[in-house]
Structures are given as C-alpha cells and as structure tokens.
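Listed here are the chains, written in short residue letters.
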Amino acid sequence: MEKTCTEVWKSCLQIIKDNIPGQSFKTWFEPISALKLDGNVLTIQVPSLFFYEWLEEHYVGLLRKTVKKQLGEEGRLEYNIVVDKSSKSPYTTNMPSNGNGAEAKFQSMPIPVSINKDIRNPFIIPGLKKLTVDPQLNPNYTFDNYIEGDCNRLARSAGYAVAAKPGGTSFNPLMIYGGVGLGKTHLAQAIGNEIKRNLPDKLVIYVSCEKFCQQFVDSLKNNTINDFVNFYQAMDVIIMDDVHNFAGKEKTQDIFFHIFNHLHQSGKQVILSSDKAPKDLAGLEERLLSRFKWGLSADLQIPDLETRIAILRKKMYADGIELPNEVVEYVAHNIDNNVRELEGAMVSLLAHSTLNKKDIDLNLAKQMLKNFIKNTSKEISMEYIQKLVCEYFEVPVDMVKSPTRKREIVQARQISMYLSKSHTKSSLKTIGAFFGGRDHSTVIYACQTVEDLIDTDKNFKGYVHDIQKKLKMT
Ligand code: ADP
Ligand code: MG
C-alpha cells in the first residue's frame, strides 16, 4: 500500500531525531508539516524563508539521506515556504532542496519575499498598524556633542554620510573599531539618532552583541526563533555594538550571518562596532568576518590633547559647570588614553568639591587625580628627574638651579631639561622656569646639545641611558 506524505515524513523525523540534539530537533523540525507526496517528491512546509535557508545550510545532508532511505534513490524533497502569515491565504513559494547550501542559491535566485508583518516582538509598541519599533537609542549620544578630532575624523564623517543615506553609500557595513572608552558606542548611537531625526519612518534598532546573543538563546528556549529573525530582518538599519563578543558563539554568528545577508541584499544599512579591526578579531567565523570587511572599517584613536580639552569643555558646558582652565588642562594632560576615564575624573572632581564644599583649584585636582593617574600612567615629575640626575653625577641638588656654569653642573642641568622634555608633559617654558628661571630657548638649546652628544659621545650616551633606565623603574 502507498504511504501517505505524513507517514513518510514521520519516519523521516524518527531518523532525524536520533541524529541531532533534542533542542535543535524541537526548533527546526517540529514546526515542519508534511504537505504532499507526489511520486518520489516529498513536499514539506516550513514557516519562513529563513527556516528554509537554515535547514538547507545545516541539515541538507541528513535530510537528503533520510528522504532517500524512505523513498529510494530517486527520492527528492521540496519546500513550501510560508512567506506571509498575515494575509488570509498564506502566500507560499516552492523551493527544491539542493545541496549547495542556502547562500549560493540565495545569490543566484531572487525570491519574491514579503516580510511577515505580523511580528510578535517585545520591542514593538502594540496597537499600531504600522510596524513601529523602539530603536533602543540613548538620545544623549548625538553628532552635536561628538567632538571631532584627528583621532576620529574618518569614522565620524563616514558615520555622518551613512546617517544621511542609510544603505545608500558604499559604507555598508560601517565598522567602527577602537579601544575601550574611545567613543564607539557614542558614535554608533549618534548615527542611529541622526537617522531617526532625518528619516523618522526608518526602522532602526540598536542592540549590543551581548543582548543579541541572549535574545537568541531565549528564542531558542521559547521556540520563537522565527519571530526573532523576522524582527531583525524587517529593520532598515541595524546597529550592533561590540561584535567582538560574538567570539566562540557559533550558532549566534550563524543567525546573524543570515540576518546580515538578508539586510545587505535588500539595501539595508548595517553598522557595527568592535574593539579590534576585522582582521584581528579572533573567534569569529571567516564568512562573517569577510562580510564585515565589505564596507568601510574606520578606527577611533586616542584623542590628542586639544581634542581632550574640547571634550571636557563640551561636557562641562552640557552639565552647566565651570572649571578653571588650568584644572581642565591638567586633567586633559594627565588622563590621556581613554575618554571615559577623562569624563570620570571630572565627575569625581566635581563630587569631591561639592561634598567638601571646596572650590576646585589645581591643588585639589592634583590631589584627587593621584588615584586616577596611578592607574593609568605614573607621572614623572621634574623634581624627581632632577634628583636622579644629581645623584647619578654626584652633584648637589640645588646646584642645577643656580646660575653656575661649571661644566659638570651644566651637563646635569641640560640632561635634566632633556629628560623633563621627553618624560613629562611640561612645556618648554615651564621646564626653563623650573631649572632656575631660564627661558624656553635655553631649554631648546639644552635638548639639542644633549641629542648631539648622544649621537657623538659613547660615554655620554651611556650616562643618559642609565638614568633613563632608573626613571623607567619608578
Ligand atoms: P566605547 O564604546 O568605545 O567604549 P563610549 O562611546 O562609551 O566608548 O565613550 C565613552 C565616553 O566618552 C562616553 O561618555 C562618550 O560620550 C565620551 N566620548 C568619547 N568620544 C567622544 C568625543 N569624540 N566627543 C565627546 N564625547 C566623547
Ligand atoms: Mg561601547
């Protein structure tokens, strides 16, 4: 007696169940129903295009073997894909199974897809007909308060271009990378906010990679993978922060790979941030990395002093506070590798002054920042340099500040000035003033002399080297 499609599919499921983890079976096979059996062609119905892609990519071998076992060598599988659940009679499309994986097919064969508009998702505000999504953006991160400097010029202007024309530039994806606290999140969110300002109807979503991974795990648990994927695939702009956190999470990378392809092919904008350049990201699948390199990767570097001062000023202005210039400069001078710490230092300075009802002056700033600076880089003072040099040459400490022109004192003084120039952030003027009220041209001359002697006098080079070594040990 001929078997029905349901019976054949049931036998297939039995085999499949024995060959894959229970959770995967539940997610990918339970939602499938058998539709018809036409000769040796079995047609199954899957809930979405994404489902079809996933099955073809991950289970095509197993499916093929199983179907052949049930229907003989000529046995074939076809998919019926529910494309739009919301219309009365579900629009479906048929797709034969092939062994090439979904990606090859996806590129060679344009499929008429109407995204399922009936998406159940926690971000969607219910009761509205049009699909609206809370973009999860922080309104405080804007281009307006993102200070431009050499450190971020490329990334900032690329971001600005993307914001004006999401999906319409060659910067797709736009990958922003750089160290901790250098402004990746701020810039990525600024792009999102700017898009919403220019094009309020665009569906924009900001999500950290970590949160995305968590949502994926949850949707696996709750059997809502389809909703999860449909939601992201319906976006016009996706901003994913900290993609280095994908490392080692292969399943989530797979899902994101599909979402990425879908969005990119439909001309939607993808914005990514990461703590490393794509080529240096470890633990990410090659095919995902290669896509990350498609558009533009722009790095954020440590801002220079002027930019740091401008960032502090902007922040003070926004918070309605005032600090003496010398304090702002001191903070910007000394905290030089991380904008978040820079702001943090200012905030604790303020807190301190409010608590103790003391005005913030340079002394208070110095006292306060000791803790910060210890953690970042230790400050070497001119006093300390002077002490080391004088000890090394066995000359009295106060002599270098005196007007004397004795040879060994002049030498100690010049080396002290040279080291102060290279190891502290003091200006030439400050250095000159410190070493006995001399002017900046004296310091320039001293530095020049020391450099020349290092080049020509081996012994002298040895002295300077020794002292530098001692300095570094502090
Ligand atoms: P990341 O995501 O790279 O770790 P964030 O974007 O969180 O860094 O930035 C840390 C802090 O520094 C934020 O408060 C941000 O507003 C501020 N910041 C960074 N770069 C700039 C900039 N160019 N202009 C103004 N503020 C900045
Ligand atoms: Mg960040």
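Owing to the predicted nature of the structure, the values given are computational and were not obtained by experimental measurement.

(A) Just a negative patch on the surface, in detail. The grouping of Glu326, Glu329, Asp359 and Asp361 at the surface amounts to a negative patch. Here Asp359 lies in the loop between α14 (339-355) and α15 (362-375).

(B) A look at the environment of Lys315. Along the chain, the position of Lys315 falls in helix α12 (residues 305-319). For the pair Lys315 and Val347, spaced 32 residues apart in the sequence, the C-alpha separation amounts to 9.9 Å. In this structure, Lys315 is in contact with Glu343 and Met346, ignoring residues within four places of it in sequence.

(C) Helix α20 (residues 458-472), seen in detail. In a regular helix each residue adds 1.5 Å, so 15 residues correspond to 21 Å; α20 covers 21 Å between its end C-alpha atoms and thus fits that length. All of the buried residues along α20 are Phe460, Val464, Ile467, Gln468 and Leu471. All buried residues of α20 lie within an arc of 105° about the axis, which places them on one face of the element. Every exposed residue of α20 that faces more than 90 degrees away from the buried side is listed here: Lys458, Asn459, Lys469 and Lys472. Contacts made by the buried residues of α20 are with α16 (382-393), α17 (407-423) and α19 (440-456).

(D) Structural detail: the packing of α17 against α20. It is at 12 Å that the axes of α17 and α20 come closest, and there the two elements cross at 50°. Considered as vectors, α17 and α20 are oriented oblique to each other. Considering the relative orientation of α17 and α20, their crossing is right-handed. In this structure, α17 contributes Gln411, Ile415, Tyr418, Leu419 and His423 to the contact, and α20 contributes Phe460, Tyr463, Val464, Ile467, Gln468, Leu471 and Lys472. By residue class, the composition of the contact of α17 with α20 is eight nonpolar, three polar and one charged.

(E) Region of interest: the site of ligand 1. In the neighbourhood of ligand 1, 17 residues make up the surrounding shell, with Gly181, Thr185, His186, Arg340 and Glu343 lying closest. Within the side chain of Lys184, one N or O atom sits 2.8 Å away from an oxygen atom of ligand 1. Glu343 places a polar side-chain atom, nitrogen or oxygen, 2.7 Å from an oxygen atom of ligand 1. Summarising the interface, the protein chains cover 90% of the accessible area of ligand 1, which totals 560 Å² for the free molecule. Listing elements by their share of the shell around ligand 1, those giving two or more residues are α7 (184-198) and α14. Classifying every residue of the shell around ligand 1 by side-chain character gives seven nonpolar, seven polar and three charged.

(F) Looking closely at the packing of aromatic side chains. A full pass over the atoms with the stated rule returns 24 aromatic pairs. When the ring of Tyr392 is compared with that of Phe393, the centres are 5.2 Å apart and the planes differ by 85°; the resulting orientation is edge-to-face. Between Phe393 and Tyr463, the ring centres sit 5.7 Å apart and the planes meet at 90°, which makes this aromatic pair edge-to-face. Here Tyr463 lies in helix α20 and Phe393 lies in helix α16, a separation of 70 residues in the sequence. Given the relative accessible area of 18%, Phe393 is considered buried. The class for Tyr463 is partly exposed, based on a relative accessible area of 32%. In textbook terms, an aromatic cluster arises when at least three aromatic residues are bridged by ring pairs, as seen for Phe212, Phe216, Phe228, Phe231, Tyr232, Phe246, Phe256, Phe260, Phe292 and Trp294.

Rules used throughout
- Sequence order as written defines residue numbering, which begins from 1 separately in each chain.
- Going through the entries in the order they are written, you letter the chains from A and number the ligands from 1.
- Per-residue local features of the predicted model are confined to residues with pLDDT of at least 70, and side-chain atom pairs are confined, for both listing and counting, to 80 or more; whole-chain, interface and lining totals are unaffected and use all residues.
- Calculation of side-chain values draws on the structure's entire complement of heavy atoms; hydrogens and water are dropped beforehand.
- Excluding any residue in a salt bridge, patches collect residues exceeding 30% relative accessible area, merging like charges within 9 Å and nonpolar Val, Leu, Ile, Met, Phe, Trp and Tyr side chains within 5 Å.
- Only the protein chains shown count as cover for residues, and the accessible areas themselves come from Shrake-Rupley with a 1.4 Å probe.
- Any carboxyl oxygen of Asp or Glu that lies within 4 Å of a side-chain nitrogen of Lys or Arg is treated as forming a salt bridge with it.
- His is not counted, nor are the chain ends, whereas Lys and Arg count as positive and Asp and Glu as negative.
- Taken as the charge centre is NZ of Lys, CZ of Arg, CG of Asp or CD of Glu, depending on the residue.
- Helix and strand labels come from DSSP, where a helix needs a run of H or I of at least four residues and a strand needs a run of E of at least two; each type is numbered from the N terminus.
- Whether two residues are in contact is decided by their heavy atoms, any of which lying within 4.5 Å being enough.
- By this rule the span expected of a helix is its residue count minus one, scaled by 1.5 Å.
- Classification of residues uses two cut-offs on accessible area relative to the type maximum, computed with a 1.4 Å probe and protein chains only: under 20% is buried, over 50% is exposed, and between them is partly exposed.
- For this quantity, the arc is that covered by the directions from the helix axis to the C-beta atoms.
- Geometry is summarised by axes, namely lines fitted to C-alpha atoms with helices restricted to the contacting stretch, and by angles between N-to-C directions that run from 0 to 180 degrees.
- Roughly parallel means an angle under 35 degrees; roughly antiparallel, over 145; roughly perpendicular, 65 to 115; everything else is oblique.
- Note on convention: the crossing is left-handed when the near helix lies turned anticlockwise from the far helix by less than a right angle, right-handed when the turn is clockwise.
- Residues are grouped as follows: nonpolar covers Ala, Val, Leu, Ile, Met, Phe, Trp, Tyr, Cys and Pro; charged covers Asp, Glu, Lys and Arg; every other residue, Gly included, is treated as polar.
- Residue proximity to a molecule or strand is established when one non-hydrogen atom of the residue lies within 4 Å of it.
- In protein, a polar contact means a hydrogen-donor-capable atom and an acceptor-capable atom, both N or O and within 3.5 Å, with residues adjacent in sequence counting only if both atoms are side-chain atoms; elsewhere, any N or O pair within 3.5 Å suffices.
- Pairing of aromatic rings covers Phe, Tyr and the six-membered ring of Trp, with a centre-to-centre limit of 6.5 Å; geometry is then stacked below 30 degrees between planes, edge-to-face above 60, and tilted otherwise.

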